[in-house]
Amino acid sequence: MRRVIRDDVGLPGLFQEGRSLADVTAPASAGALKAFLEAVVARGAAFDRELRVRATDREMAMFFSGMSEGDHLYVVAARSTASLARLHEELVLINNEQTNALRAALKELGLRQQRDASRDQHLYEDLSRLNNELATLQREMAKKNIELEQLNTLKNELLGMAAHDLRSPLGVIQNYSDFLEADAGPLLNDEHRAFISTIKRTSRFMLGLVDDLLDVTSIDAGRLTLDRQPCDLGRLLTDNVTLNRTLAARKTIAIDWSPPGLLLPSLPLDAGRIEQVLNNLIGNAMKFAAPGSRVVVSAASSADGVTISIADQGPGISPGDLMNLFKPFARATARGTAGEKSTGLGLAIVRKIVEAHGGRIWVESELGKGATFLFWLPITTPI
């Protein structure tokens, strides 16, 4: 690397001037690196090639694109294809803006030459000034992007530390309130028992919020790790529904689950994370379902994956809420039938977990007719 133009990756020592790409590439990707560079030289460009690189303490996958111009090779690396695409879009946008500005300036230059050849020098100076201003704006934009990324990283670190420090005392409050309710409840009057119940309910909600904040900050920082193992998805769904039926019984809600006639395939999954997805989606269905109603859990397999759906008989979701449903801190206008609170983070976390497995999630709903959340998981592990 003769020159590092921009480094937003934030891994110390990974990309430095004087190091070759071979130095930072894992041995397993040496052949892929050679093929990538040969493609750039032969065709002038190559896009979206995945290579494993050696970070400070681990190997990680990154996505590379490159182009050649004269004797120079330009290489761009990003942690995800989405980040690489965003960088390409920025470069294309900047290039289009430059092209449009130069085209307009050249058109103006031709008109002025026809009117007064003596003003050519002034036009050249104007064009140079505009080009210099554009270059300055590009540098400022790149600097601001780096600053925003640094601030976002700092925000995630602060949220993570705060949530981690709050988790232990909240757990103590919840455990002691459980103890007081179980052992001292018969000795207390109704008002004091109501106090303890409020402490339990509030501490449980705050502990859930802290857990969601820890998940969100880890995901935003790129630290969502999956322990994929072959998983019997049918058994996982059956066990999860059995557990949630106990919770649903408190609101006299029935959960229907009939395993499909054909066995579901074994998938490479992080079972704990998929259970987190199921608990959130089934929990939301119970939250908005009226007492005496039903929640229906179903699954269907296809040649390329498995689709799981959770349908409720609740109030449905408005079109305005549907647009922001999977964004962090999004709050639906509908309220839980028992006054349950929401952190506004659960569905954002669920989407990230499903997408990290190479799947996708979506919702189908109509006001007054309930909502159905569906997510699809691929049979093969994404590369």
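Residues numbered from 1 in each chain as written. Predicted model: local features only at pLDDT ≥ 70, side-chain atom pairs only at ≥ 80, totals over all residues. Heavy atoms only, no water.

**Some details on the packing of helix α6 (residues 233-249) against helix α7 (residues 271-288)**
Between two packed helices, what matters for the description is the angle formed by their axes and the separation of those axes.
Here's step 1: The geometry of α6 relative to α7 is characterised by a closest axis approach of 10 Å and an angle of 35 degrees between their N-to-C directions. As for the relative orientation of α6 and α7, their crossing is right-handed in sense. Each of L236, L237, N240, N244, L247 and A248 in α6 lies in contact with α7, whose residues at this interface are A271, I274, E275, L278, N279, I282 and M286.
Here's step 2: Class assignment for the residues of the contact of α6 with α7 results in nine nonpolar, three polar and one charged. (Axes fitted to C-alpha atoms, helices over the stretch in contact; angles between N-to-C directions. Helix = DSSP H or I, 4+ residues; strand = E, 2+ residues; numbered from the N terminus. Left-handed = near helix turned anticlockwise from the far one by under 90°. Contact = heavy atoms within 4.5 Å. Nonpolar A, V, L, I, M, F, W, Y, C, P; charged D, E, K, R; others polar.)

**Thoughts on the packing of aromatic side chains**
Here's step 1: Applying the stated rule across the entire model yields two aromatic pairs.
Here's step 2: Aromatic side chains F36 and F64 sit 6.3 Å apart centroid to centroid with 65 degrees between the ring planes, which places their arrangement in the edge-to-face category. Here F36, found in helix α2 (residues 30-43), pairs with F64, found in strand β2 (residues 59-69); they are 28 residues apart in sequence, far enough to count as distant. Just as F36 is buried, F64 falls in that class too.
Here's step 3: A ring pair is formed by F326 and F373, whose centres lie 6.3 Å apart and whose planes are at 80 degrees; its orientation type is edge-to-face. Taken together, the positions of F326 in the loop between α8 (319-324) and α9 (346-356) and F373 in strand β10 (residues 371-378) put the pair 47 residues apart, joining distant regions of the chain. The two residues F326 and F373 agree in class, both being buried.
Here's step 4: The ring of W376 has R360 sitting right over it, with the charged end atom 4.7 Å from the ring centre. (Phe/Tyr/Trp six-rings, centres within 6.5 Å; stacked < 30°, edge-to-face > 60°. Buried < 20%, exposed > 50% of the residue type's maximum accessible area, 1.4 Å probe, protein only. Lys NZ or Arg CZ within 6 Å of the ring centre and 35° of its normal.)

Function-wise, these values are silent; they only describe arrangement.
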